[in-house]
Amino acid sequence: MSCPQTESRIQEGIGNVVVKRDGRFVLQQVSGEYLLVPIGSQVMDTNGLVTLNDTGAFLWRLPLEELSVGELAAALAREFDVDISTASADVQTFLDEITGMGLM
Amino acid sequence: MPGLPATYGPLAAELQRLAAADRRPISAAFELTSRCNLACRMCYVRRPAACAEARSSELSTEQWLDLAQAALDNGMLFLLLTGGEPLLRPDFFEIYTPLTQMGLLLTLFTNGTLITERVADLLAGAPPSRTEITLYGASAEVYEAVTGVPGSYARCCAGIEALTARGVPLGLKTTLTRQNVGELGAMREMAHAWGLPLSAGWLLSKRRDGADSEVEKCRLSFAACRELEAANLAPVTELIEAGLLGADAPSAADVPSFHCYAGKASFVISSVGEMSPCIDLIKPAARPLEVGFAAAWQEVQDFVDAAPPLDPVCSSCDARAFCPRCPSWSARETGTLSEPVPYLCELAFARRDLYAGWDHV
């Protein structure tokens, strides 16, 4: 799925996959695990790492602020071949969690 | 969420374990300079701040950034910036600022004496995940007896206060010598007053490059080491947690020469661009800027894998579980990767006598 509005830089090298999304975090894939790493001044607020599962990492790459829950759920349902109600619940849980952590 | 630990320390440890299993270089240290503005007699690396030869051989801004990108592409996540004193480099922030945008967990080791208000502002704008400042005493008299530089105590305190005032994540540590061990309690009180943790180390090694060193005049007596460890059981707890002590400790034959992640998940690049498994070793001196990062990393792994096994004196020693010797210690003290280190032998015997029966606790 393409996200033309997102300024993403994806590097697929020998090691990490690095995705820059909003200037506050970089999504890294290290040893098969997805990690959100705070960058710049964000280290003051989020000093550490945030782990994401596959669906979280997929959603993180999307322009979350610009898409509705329904649109995000539709994208998730297509990507992971799940029904729309399951996808909607997953999207809502993800948004609640990252909002609660101050990541959005 | 995936089956990873939820808290940072265990998470970082698990990521390192996974990386070591894959031989991915997840942790690195960039020794930006070997020069330092202090002149501690016990230092294993220091060259004078004004040393033109050392300065001219240091990697450039662009070379450090190229290495960082190459390491990132190969799996680096944790990066320590150290020295010498890294803030001595006039281009420090030209290197540091791009690193803060790469998605790395940065740590900065500094003596704190060059942290002016301006430097503190710049660090606070994009702080390392952790900064560690070494405190050499609780008074100007003792601190400067160790560092050899008048005025350095006040500048260090000012640096600490500049960072704490801005909320930059900070920890203190101290290197204990015969000159400052009497102020450990006072240093703890200072750290407490600043609201900062303080860790202490007192195992001092000879210089990494084999040059003359005054370290033996600085090392604590074994009685003093034993007294410190009796008051602070952390070293023994760490040995037990590492599985090296107690009923489940592995036999000598099962312990690899490098029993840490050096050369398996971590590497160091010296100020002149040579890659080694750990900061205390100068070999194999692989040249990533010449042969490429992956080839240099392979050379470091091969060096670690080819390290000789434990010396028979060590493998049959009944104090082995209490001994911190590793190939790096042997290299600095004996010039080999495996010979016993007499300084550590004495310490291990003292620990064995002190902690006999600890594995039954």
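Right above here is the structure, for reference.
All of these numbers come straight from a predicted model, not from anything done at the bench.

Peer 1: Summarise unusual backbone geometry; cite the residues concerned and give the values.
Peer 2: In this structure, Gly 84 of chain B follows Gly 83 of chain B across a cis peptide bond, with omega equal to 20 degrees. Here Gly 84 of chain B shows up in the loop between strand 4 (78-82) and helix 4 (92-99). Cis geometry marks the peptide bond from Lys 283 of chain B to Pro 284 of chain B; its omega dihedral reads 5 degrees. One can find Pro 284 of chain B in the loop between strand 10 (275-276) and helix 12 (288-291). In this structure, Ser 31 of chain A takes a positive phi of about 50 degrees despite not being glycine. Assignment of secondary structure puts Ser 31 of chain A in the loop between strand 3 (25-30) and strand 4 (33-38). Of note, Ala 285 of chain B is a non-glycine position whose phi angle comes to about 55 degrees, a positive value.

Peer 1: If you had to explain the nonpolar core to someone new, which residues and values would you point to?
Peer 2: Membership of the largest hydrophobic core comes to 118 residues, with the highest contact counts inside it found for Val 37 of chain A together with Leu 79 and Leu 104 of chain B. In this structure Leu 104 of chain B touches Val 37 of chain A together with Leu 72, Met 76, Leu 77, Leu 79 and Leu 99 of chain B, once residues within four positions along its chain are discounted.

Peer 1: Account for the packing of helix 5 (residues 117-125) of chain B against helix 7 (residues 152-166) of chain B, naming residues and giving values.
Peer 2: All names here are of chain B. Interaxial distance between helix 5 and helix 7 falls to 9 Å at its minimum, and their mutual angle equals 35 degrees. Two packed elements cross with a definite hand, and for helix 5 against helix 7 that hand is right-handed. Along the contact surface, helix 5 presents Glu 117, Ala 120, Leu 123 and Ala 124, while helix 7 presents Ala 162, Leu 163 and Arg 166. Each residue belonging to the contact of helix 5 with helix 7 can be placed in one class, and the counts come to 5 nonpolar, no polar and 2 charged.

How each quantity is defined
Residues numbered from 1 in each chain as written. Chains lettered and ligands numbered in written order. Predicted model: local features only at pLDDT ≥ 70, side-chain atom pairs only at ≥ 80, totals over all residues. Helix = DSSP H or I, 4+ residues; strand = E, 2+ residues; numbered from the N terminus. Core = buried A, V, L, I, M, F, W, Y, C linked by C-beta atoms within 7 Å. Buried ≥ 20, exposed ≤ 12 C-beta atoms within 10 Å, placed from the backbone. Contact = placed C-beta atoms within 7 Å. Axes fitted to C-alpha atoms, helices over the stretch in contact; angles between N-to-C directions. Left-handed = near helix turned anticlockwise from the far one by under 90°. Nonpolar A, V, L, I, M, F, W, Y, C, P; charged D, E, K, R; others polar.

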